[in-house]
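Read off the chains here:
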Amino acid sequence: MFDDSKLTSIRKDYPILQREIEGHPIVYLDNAATSQAPMCVVKAIEDMYFHHRANVHRGVHTLSGEATDMVEATREKVRAFINAASVEEVVFTRGTTGAINLVAATYGDRLCNGDEIILTTMEHHSNIVPWQLIGKDKRIRIRVVPINDAGEVNLDEYADLFTEQTRFVALAHVSNVLGTINPVKEMIAIAHQHGVPVLIDGAQAAPHIAIDVRDLDCDFYAFSAHKMYGPTGVGVLYGKKFRLNSMSPYQGGGEMIGTVSFERTTYAELPFKFEAGTPDYVGIAAFGTALDYINELGIDNIAAHERALVEEATRGLLTIDGMRIFGTAENKAGVISFLVGDINSYDMGLLLDKLGFEVRTGHHCAQPLMNRYGVQGMVRASFAAYNTLDEVHRFVEAVRRVSTMF
């Protein structure tokens, strides 16, 4: 993990970490929802507004050219970050949710009555509801991969769900609640044996582990900037070129057109076919800075640091009477969800906040998973590169203290 001097340097990038909550130093442990942004990202946003603000891809003037170049530079950085074959396969969206909805609405429009989609028990609502929406006028069946008590899928059970009616698979790379890193490469291979395309929800994977879409061989991969030290409102959809070319545009408007008449419209080439309207070019440019920041730290170094934090947190929390940790997969990312006795997760989170610890409580947009474990909600602590072992130790003692109040 990062040594003390490196951590001190990293933490200087985040002025928010100097805040206090009711006299207590803030400990930010809600990174699975939104990570903090370093000063270089905020400065990139400021620079874009002050010096390069102009619409992209449409103007011949200097400012438009500069803004366009900055957006396209980020597209190349994304391509390299996930090892896509070309920038044509990188579509900018408003987030993971927008990316999944794009695929559901455009690739999903070819689904017919009786077709089946495979999801897992641990999916975020953003990878459940879009598929239900496209099926509301069709009899499309969602089949669900079960998980064991540790929060792991069984590949044999997954393989048994495929039938002649299976048309699509959509699954999380990493669970936002359990931290489980799913064996997505093997799951994709099984799906492809049946000729079925696969979308991977990478919102919780991209900030924490190396992603290689060509090695995974996924058909689609979606993730968000705001969980990757970047701005809100920016996401990415990777799609294999032949898949994207086979799909109709998601929205109509400026930018995504070739020619328009009242009789007929032709569409722009990839990736612009799926980028109707003015994009958040300020956020996209700043996301490029966030990717530079991650690359400078090293994604493998971040993964090792967070793994050490979650392992230490697990050891400490298990010393607390009544502790239940959900998600004990051998292969997991920097997320730990728990309950203590019969203490409501909201009550625990509210009192932890009074002590300066910012955690997430509730169902975490994963109600089917809550039902699997027979609970209404959990407390979730999730880690990032700027969290420290000292914060982990203080967090454990804070949970212990709060637990004695009930």
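What is the right way to read the packing of aromatic side chains from this model?
Two aromatic rings are characterised by how far apart their centres lie and by the angle between their planes. Taken as a whole, this structure holds 13 aromatic pairs when the rule is applied. Note on F326 and Y373: the rings are 5.4 Å apart at their centroids and 70° apart in plane angle, and the pair reads as edge-to-face. One end of the pair, F326, is in strand β13 (residues 323-326); the other, Y373, is in helix α13 (residues 367-373), with 47 residues separating them in the sequence. Y373 carries the same exposure label as F326, and that label is buried. Joined through ring pairs, the aromatic side chains of Y14, Y229, Y293 and Y386 make up one cluster. R372 extends its terminal NZ or CZ atom over the ring of Y373, reaching a point 5.1 Å from the ring centre.

Is there a simple way to explain the nonpolar core in this structure?
Generally speaking, nonpolar side chains in soluble globular proteins are found buried as a group. Of all hydrophobic cores here, the largest spans 80 residues; its most connected members are V78, I82, Y158, V169, Y221, F223 and F287. When residues no more than four places from it in sequence are discounted, the contact partners of Y158 are I118, V145, V169, L171, M187, I190 and A191. Membership of the second largest hydrophobic core comes to 27 residues, among which are A313, M323, L352 and V392.

For this particular structure, what's the right way to read the environment of V392?
Within the fold, V392 resides in helix α14 (residues 389-403). Linking V392 and A313, residues 79 residues apart in sequence, is a C-alpha distance of 5.8 Å. If sequence neighbours within four positions are ignored, V392 has contacts with L309, E312, A313 and F383.

Sorry if this is basic, but what is going on with empty space enclosed by the protein here?
Left-over empty space is what a probe sized like a water molecule reveals as it rolls over the atoms. Tallied over the entire structure, the rule returns one cavity of 30 Å³ or more. When its volume is computed, the largest cavity comes out at roughly 40 Å³. Lining of the largest cavity is provided by V56, H57, V71, R75, F92, E255, E275, G277, P279 and I284. Of the residues in the lining of the largest cavity, the class split is five nonpolar, two polar and three charged.

I keep staring at the sheet that holds strand β16 (residues 360-362) and nothing clicks. Help me out?
The strands making up a sheet associate through backbone hydrogen bonding, with each pair oriented either parallel or antiparallel. Taken in spatial order, the four strands of this open sheet run β13-β14-β17-β16, and their pairing is antiparallel. Strands at the two margins of the open sheet, each flanked by one partner only, are β13 and β16. For this sheet the average axis-to-axis angle between neighbouring strands, irrespective of direction, equals 30°. Inspection of the sheet shows strand β14 (residues 335-340) paired to strand β17 (residues 378-382) by four bridges, in the antiparallel sense. Paired with I336 across the strands is A381, a residue of β17.

Would you take a moment to explain unusual backbone geometry for this structure?
As a rule of thumb, non-glycine residues mostly have phi less than zero, and peptide bonds are mostly trans rather than cis. The amide bond that connects L270 to the next residue, P271, takes the cis arrangement and shows omega of 0°. Mapped onto the elements, P271 comes out in the loop between β12 (265-267) and α10 (281-297). Residue H364 is not a glycine yet carries a positive backbone phi of 55°. Residue placement: H364 occurs in the loop between β16 and α13. Here C365, not a glycine, exhibits a phi torsion of approximately 55°, which is positive. Relative to the assigned elements, C365 resides in the loop between β16 and α13.

What should I look at first to understand the pattern of salt bridges in this one?
Applying the stated criterion across every chain, the model contains 20 salt bridges. With a closest N to O distance of 3.0 Å, D215 and K185 form a salt bridge. Residue D215 is located in helix α8 (residues 213-216), and its partner K185 is located in helix α7 (residues 184-193); the two are separated by 30 residues in the primary sequence. Across the salt bridge formed by K240 and D219, the nearest N and O atoms sit 3.9 Å from each other. With K240 in the loop between β10 (235-239) and α9 (241-245) and D219 in the loop between α8 and β9 (220-224), this pair connects stretches of sequence that are 21 residues apart. Residue classification places D219 among the buried positions, given a relative accessible area of 1%. Counted as one network, the salt bridges with shared partners bring together D217, D219, K240 and R243.

Just to check I follow, could you spell out the pairing of strand β6 (residues 141-145) for this structure?
Strand residues, when the strand is regular, have side chains that alternate between the two faces of the sheet. One ladder, built from five bridges, connects strand β5 (residues 116-120) with β6; its direction is parallel. Opposite I117, over in β6, you have I142 as the bridge partner.

Which parts of the structure should I look at to understand helix α4 (residues 96-106)?
Of all 11 residues in α4, eight are buried; the element is thus mostly enclosed. The complete set of buried residues in α4 reads T96, A99, I100, N101, L102, V103, A104 and T106.

What's the story with the side chain of T121 in this structure? I'm lost.
For T121, the position within the fold is in the loop between β5 and α5 (129-134). Judged by its relative accessible area of 12%, T121 falls in the buried class. A polar contact is formed between the side chain of T121 and the backbone oxygen of V145, at a distance of 2.7 Å. Once you skip the residues sitting within four places of it in the chain, T121 turns out to touch V144, V145, P146, I147, P368, L369 and R372.

Got a minute to help me understand the pairing of β10 in this structure?
Counted residue by residue, β10 has five buried out of five residues, so it is predominantly covered. Across four bridges, strand β4 (residues 90-93) lies against β10 in antiparallel orientation. Its bridge partner being in β10, V90 is matched across the sheet by Y238. Strand direction decides the pairing type here: β9 and β10, joined by five bridges, are antiparallel. Paired with Y221 across the two strands is Y238, which belongs to β10.

Parameters at a glance
Throughout this description, residue numbers start from 1 for each chain and increase along the sequence as written. Reporting in this predicted model follows two pLDDT cut-offs: at least 70 for local features of residues, and 80 or more for side-chain atom pairs to be given and counted; totals over whole chains, interfaces and linings ignore these cut-offs and use all residues. The side-chain figures draw on all heavy atoms in the structure; neither hydrogens nor water molecules are used. Any Phe, Tyr or Trp ring, taking Trp's six-membered ring, that has another such ring centre within 6.5 Å forms a pair; planes under 30 degrees apart are called stacked, those over 60 apart edge-to-face, and the others tilted. Each helix corresponds to a stretch of at least 4 residues labelled H or I by DSSP, and each strand to a stretch of at least 2 residues labelled E; elements are numbered beginning at the N terminus. Accessible area is worked out with a 1.4 Å probe on protein chains only. A residue is then buried under 20% of its type maximum, exposed over 50%, and partly exposed in between. For a ring to carry a charge above it, either NZ of a lysine or CZ of an arginine must fall within 6 Å of the ring centroid while also lying within 35 degrees of the normal to the ring plane. As used in this record, nonpolar core signifies buried Ala, Val, Leu, Ile, Met, Phe, Trp, Tyr and Cys residues forming a set joined through side-chain atoms within 4.5 Å. What makes two residues a contact is simply this: any of their non-hydrogen atoms within 4.5 Å. Definitions used throughout: a 1 Å grid over protein atoms alone; a cavity as a set of points that fits a 1.4 Å probe which cannot get out; a pocket as an open set with protein on both sides within 12 Å along at least five of seven lines; a lining residue as one with an atom within 4 Å of a point. Grid points are joined across faces, edges and corners, and a volume is the space filled by probe spheres set on the points. Asp, Glu, Lys and Arg are counted as charged, while Ala, Val, Leu, Ile, Met, Phe, Trp, Tyr, Cys and Pro are counted as nonpolar; the rest, among them Gly, fall into the polar class. When DSSP locates at least two bridges between a pair of strands, those strands are taken to pair. Axes, fitted as lines to C-alpha atoms, cover a helix only where it is in contact. Angles between the N-to-C directions of the axes lie from 0 to 180 degrees. By definition, a salt bridge exists where a carboxyl oxygen of Asp or Glu is found within 4 Å of a side-chain nitrogen of Lys or Arg. Two N or O atoms form a polar contact when they lie within 3.5 Å of each other; inside protein one atom must be a possible hydrogen donor and the other a possible acceptor, and for residues adjacent in sequence the pair counts only when both atoms belong to side chains.

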